[in-house]
Amino acid sequence: MKNQFDIILVLPYPFSDHPSFPEGLLASALRADGFRVGVLDALHWQDPHEFTLLGRPELFFAIVSGPVDSVIMNYTPTLKRRREDLYQTDGNAFFPDSPRTAASRVRPDRCVITLANQIRKAWKDVLIIAGGMETSQRLFAHYDFLRQRIRRSILLDARLDLAVVGMGEIQICAAAQAIADKKNLREFKIPGTAVVRSNRPDGSDYELLPALEEIESDPSLLLSAYKKQTRADALGRGVLQRNNDRWIVCQPRAIYTPKILDGIYNREYKRSQHKNRSISPALAMNLFSITSHRGCMGRCAFCAVCRQQGGNVISRSPESIIREVEHMSRHPRWRGVISDVGGATAEMYGMDAHVRDFRPPYLGLLRMVRRHPLVRKVFVASGVRHDLMLKFPELLEEIMLHHSGRFLRVAPEHIHDDVLKYMGKPRFSLFREFCSLFGDINRRLKRRVELAAYVIVGHPGEEAKHVKDMAPMLRNLGVDQIDAQIFTPAPGLLSTALLVSGTDDQGTAIPVCRDPRELDRRKNSLYT
């Protein structure tokens with residue numbers, strides 16, 4: 001009997017058929033290429049039988065871990081267990097009528113490893129591919145802040161046949177076709193994927209990272225590893241790392257173009273949840289949002305967007321975005337309000353690498369969308385960079401006038417340049433200039449817009465004295481609301497390498513704080 005599905009997606013949360021969610025994009029791409037796709041979502045993962053409900057896939061299981069690492073999702077920066085998971089039904093992180101323990105979470109800790117191991121119990125010799133933020137960030141030897149130690153590649157711990165790195169529509173379709181054609185995944189070089197090999201591959205087209213054993217002995221080598229990965233990305237090279245007696249082999253990043261993005265987002269999505277569930281808080285927030293571009297030129301040291309989507313911006317065409325508006329208008333909940341048009345940084349739309357005219361094309365896009373006859377209101381909920389807004393005051397005024405709710409939210413992240421340089425953020429004097437410009441515009445508006453500032457405490461390079469005057473200084477600049485979070489040492493990031501090493505990339509010691517009580521004290525001081 002022929003198998004019902006070619007590929008079965010496995011998720012630790014309910015499936016959303018929506019272009020802002022990785023599972024919706026991947027399923028749509030596979031189906032467009034003619035593959036039959038099944039979905040196992042929000043399973044009682046403790047029971048291997050749950051992974052047999054759709055039978056064995058013809059080609060492979062694909063674990064989609066989601067847009068956030070599961071340990072980051074399940075624990076606060078001070079290692080307290082979170083009770084909410086916005087991607088679950090009603091935001092409840094635990095199965096109904098279950099104790100609030102790690103074993104009762106819908107999303108297990110280190111979900112890629114857990115789900116892969118359960119699939120192996122149910123199906124001994126099936127192929128397993130995984131992708132998403134967790135896979136990308138844990139691809140090489142990395143620091144795990146839950147166990148506070150170096151861990152080896154997720155490829156080994158999850159026994160994956162292939163890892164999809166970065167945004168994955170091209171990669172997963174290429175992998176599906178290769179498997180259907182009976183090709184050997186370990187030898188077939190698919191851009192944007194990684195495999196485990198017993199021998200080091202031939203050729204000089206790879207950047208060699210410090211080995212797992214070397215990093216375990218000297219965790220400061222995470223800094224070198226990060227720099228080499230960044231260089232490989234910029235040069236379009238692959239990356240190698242030895243983990244004990246095996247090699248992690250990652251091919252160069254897959255190339256996405258505006259035309260490819262248009263094709264991905266031009267497909268119709270139901271903007272609903274699998275099995276007609278009540279929608280999750282995450283889907284509710286993004287139900288009528290539009291992704292206008294991918295990538296970010298900001299390269300903040302604590303952010304995974306650049307590693308996942310790339311450091312160059314890739315923008316959709318205005319025509320593609322208008323087509324999505326028209327698709328959305330057929331949704332039964334549509335009321336003419338778009339919650340967001342943007343990306344990691346909203347105003348980077350149109351600033352693609354090949355574009356030399358750096359006038360703000362985002363301004364023209366917003367005008368076009370809000371003037372569409374099907375649209376009543378367009379909000380900008382994506383982040384905006386205050387340093388870029390200084391170059392585009394007309395754009396800032398238009399966002400404040402037409403596209404803001406009560407608040408405009410920006411992310412200075414800190415007030416001290418000694419900390420900002422380690423964050424990869426612009427100097428604080430630019431935020432002062434922005435606040436002055438914001439105030440000048442606000443005084444001309446009939447409806448005042450309030451300013452909210454995101455800040456991070458506990459980032460490497462920060463001392464307690466750096467936080468003491470943060471709240472008064474921000475309020476003196478006209479900031480109405482401070483949204484503070486404690487730095488989270490997510491795997492695979494430069495900021496995490498700084499924390500673990502306790503030095504900068506030149507070997508100079510920098511202040512770091514690992515005491516949860518002190519970190520809580522610094523955060524709470526901003527609200528007293």
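The sections below set out a description of the structure shown in this document.

## A look at the overall build of the protein
The helix and strand tally for the protein stands at 21 helices and 22 strands. Rg of the C-alpha trace for the protein: 23 Å, near the compact-globule value of 24 Å for 528 residues, within the 12% margin. Taking the principal axes of its C-alpha atoms as reference, the protein extends roughly 70 × 60 × 55 Å. A buried classification covers 59% of the 528 residues belonging to the protein. Long-range pairs, those at least 24 residues apart, make up 75% of the contacts in the protein with a sequence separation of at least 6. In the structure as shown, the protein presents an accessible area of about 22400 Å², 50% of it carried by carbon and sulfur atoms. Taken together, the 76 basic and 60 acidic charged side chains of the protein have centroids lying 2 Å from each other.

## A word on the pattern of salt bridges
Tallying each qualifying case throughout the model produces 34 salt bridges. Two residues, R231 and E207, come together in a salt bridge whose shortest N-O distance is 2.4 Å. In this pair, R231 sits in helix α8 (residues 221–235) while E207 sits in strand β10 (residues 206–208), placing the two residues 24 residues apart along the sequence. Among the residues examined, R231 registers a relative accessible area of 42% and is labelled partly exposed. One salt bridge connects D245 with R246, and the closest N-O pair in it is separated by 3.7 Å. Judged by relative accessible area, R246 falls into the partly exposed class, the value being 34%.

## What to know about the sheet that holds strand β20 (residues 407–413)
Spatial ordering of the open sheet is given by β20-β21-β22, a layout of 3 strands whose pairing is parallel. Pairing within the sheet leaves two strands with one partner each, and these edge strands are β20 and β22 (481–486). Across the sheet, the mean angle from the axis of one strand to that of its neighbour is 25°, orientation sign disregarded. Here β20 runs beside strand β21 (residues 450–457); their pairing, made up of 5 bridges, is parallel. Considered in β21, the bridge of F407 is made with E450. The strands that helix α21 (residues 516–525) touches are β21 and β22; relative to β22, the one it contacts most, it runs at about 175°.

## Observations regarding the sheet that holds strand β4 (residues 60–64)
The mixed open sheet is built from 9 strands, whose spatial order is β3-β1-β4-β5-β8-β9-β12-β11-β10. Pairing within the sheet leaves two strands with one partner each, and these edge strands are β3 (37–41) and β10. For this sheet, the mean angle separating the axes of adjacent strands, direction not counted, is 25°. Pairing geometry for strand β1 (residues 7–11) and β4, over 4 bridges, is parallel. If you follow I7 over to β4, its bridge partner there is F60.

Thresholds, definitions, all that
- Residues numbered from 1 in each chain as written.
- Predicted model: local features only at pLDDT ≥ 70, side-chain atom pairs only at ≥ 80, totals over all residues.
- Heavy atoms only, no water.
- Helix = DSSP H or I, 4+ residues; strand = E, 2+ residues; numbered from the N terminus.
- Rg over C-alpha atoms; globule rule 2.2 N^0.38 Å.
- Buried < 20%, exposed > 50% of the residue type's maximum accessible area, 1.4 Å probe, protein only.
- Contact = heavy atoms within 4.5 Å.
- Areas by Shrake-Rupley, 256 points an atom, 1.4 Å probe, with all protein chains shown as cover.
- Lys, Arg positive; Asp, Glu negative; His and termini not counted.
- Charge placed at Lys NZ, Arg CZ, Asp CG, Glu CD.
- Salt bridge = Lys/Arg side-chain N within 4 Å of Asp/Glu carboxyl O.
- Pairing = 2+ DSSP bridges.
- Axes fitted to C-alpha atoms, helices over the stretch in contact; angles between N-to-C directions.

Take it as geometry only, folks, not as evidence of what the structure does.
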